[in-house]
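Examination of the molecular architecture
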Amino acid sequence: MNPLGTPAYLPGIDVSHFQGVIDWQRVKAAGIGFAFIKATDGTQFTDPELHANVQGCIENSISCGLYHFFRPSVDSAEQANFFLSVTSWYKAPLPAALDLEIGPVTAAQASAWLDIVDEAQSREPLVYTAPAFAAQYLGNSSVIGVYPLWIAEYTTKPAPSVPAAWEDWEFWQHTPSGQVDGVPNAVDLDWFHGTVDDLKAWIK
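Residues numbered from 1 in each chain as written. Predicted model: local features only at pLDDT ≥ 70, side-chain atom pairs only at ≥ 80, totals over all residues. Heavy atoms only, no water.

1. Remarks on the overall build of the chain
To be explicit about the condition: A run of H or I in DSSP becomes a helix once it reaches four residues, and a run of E becomes a strand once it reaches two; helices and strands are each numbered from the N terminus. For a compact globule the rule gives 2.2 Å times the number of residues to the power 0.38, and the radius of gyration it is set against comes from C-alpha atoms. In this scheme, a residue with accessible area under 20% of its type's maximum is buried, one over 50% is exposed, and one in between is partly exposed, where area comes from a 1.4 Å probe on protein chains only. Residues are treated as being in contact if the distance between any of their heavy atoms lies within 4.5 Å.
When you go through the chain residue by residue, the secondary structure sums to seven helices and nine strands. On C-alpha atoms alone, the chain measures out to a radius of gyration of 16 Å, which is about the 17 Å that the 2.2 N^0.38 rule sets for 204 residues. Overall, the C-alpha framework of the chain stretches about 40 × 35 × 30 Å when taken along its three principal axes. Per-residue burial over the chain gives 52% buried out of 204 residues. Taking as baseline every contact in the chain between residues at least 6 positions apart, the subset at least 24 positions apart corresponds to 64%.

The following block contains the structure:
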């Protein structure tokens, strides 16, 4: 068991420019095994720390994935193509992720983004969402449940709730207010549902 009382999942973080300038060497030394990095938002915004964060992960052998913040009022295909145009320069070892936290949004809208990125990258992207959000907007839709789940739930339980559209979770954001050496500001902490060897199976 780790200090938070949960099973011995592999620890990671997810970051954006809100975390400031990160010292990834210190993050690595702190035991962080993976990171998700904000890349884009809508069709106009590229995170200003994207390049520095990707380079920091690469230089310190931290497996990273890139995520897109979804805007329901903007066309899904346009958002997917914007994400792909920005991130095609990077060879992130972990899958892309779609951040769903603003409603109203439909499973069809989300699926359109996911399908485009899946086809372009030849690998399934993750869906990031919270249980209550998924229950309100996504239901038990199979079109989105086919994609692996990165769940956001802040609880002291040993495992998160799994929304109806999924059978299990792969990554779990368990707090938005973590402290990690090398990260100037509070940071989201995540668990990977497996071991280091299991994570290697996700790396491409």
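Having put the structure on the table, let's press on.
2. A word on the packing of helix H3 (residues 76–87) against helix H4 (residues 107–121)
Definition in use: Helix axes use the C-alpha atoms of the stretch in contact, all axes being lines fitted to C-alpha atoms, and the angles between their N-to-C directions lie in the range 0 to 180 degrees. Here is the rule for handedness: rotate from the far helix to the near one, and if that takes an anticlockwise turn smaller than a right angle the crossing is left-handed, while a clockwise turn gives right-handed. Polarity classes work like this: nonpolar for Ala, Val, Leu, Ile, Met, Phe, Trp, Tyr, Cys and Pro, charged for Asp, Glu, Lys and Arg, and polar for all others, with Gly in that last group.
Taken N-terminus to C-terminus, the directions of H3 and H4 make an angle of 35°; their axes are 8 Å apart at the nearest point. By crossing handedness, the relation of H3 to H4 is classed as right-handed. From H3, Ser-76, Ala-77, Gln-79, Ala-80, Asn-81, Phe-83, Leu-84 and Thr-87 reach across to H4, where they touch Gln-109, Ala-112, Trp-113, Ile-116, Val-117, Ala-120 and Gln-121. Tallied by class, the residues present in the contact of H3 with H4 amount to nine nonpolar, six polar and no charged.

3. Considering the environment of Gly-65
Secondary-structure assignment places Gly-65 in strand E4 (residues 63–69). Not counting residues within four places of it along the chain, the set of residues in contact with Gly-65 comprises Ala-35, Phe-36, Ile-37, Ala-92, Leu-94 and Pro-95.

4. Quick notes on the confidence of the model for the chain
This is how the line gets drawn: Per residue, pLDDT measures the predictor's confidence, with a range of 0 to 100.
In the predicted model, the chain carries a mean pLDDT of 94, and 96% of its residues have values of at least 70. This stretch, residues 1–5, has a pLDDT under 50; its non-local contacts, to residues over four places away or in other chains, come to six contacts.

5. A look at the nonpolar core
For soluble globular proteins, nonpolar side chains are generally found buried alongside one another. Our working definition: Side-chain atoms within 4.5 Å link the members of a nonpolar core, which is a set of buried Ala, Val, Leu, Ile, Met, Phe, Trp, Tyr and Cys residues.
Residues Ile-13, Trp-24, Val-27, Leu-66, Leu-100 and Ile-144 are the most contacted members of the largest nonpolar core, which totals 50 residues. Among all residues touching Ile-144, those that are not within four sequence positions of it are Leu-100, Ala-107, Ala-110, Leu-114, Val-127, Leu-138, Ala-165 and Trp-166.

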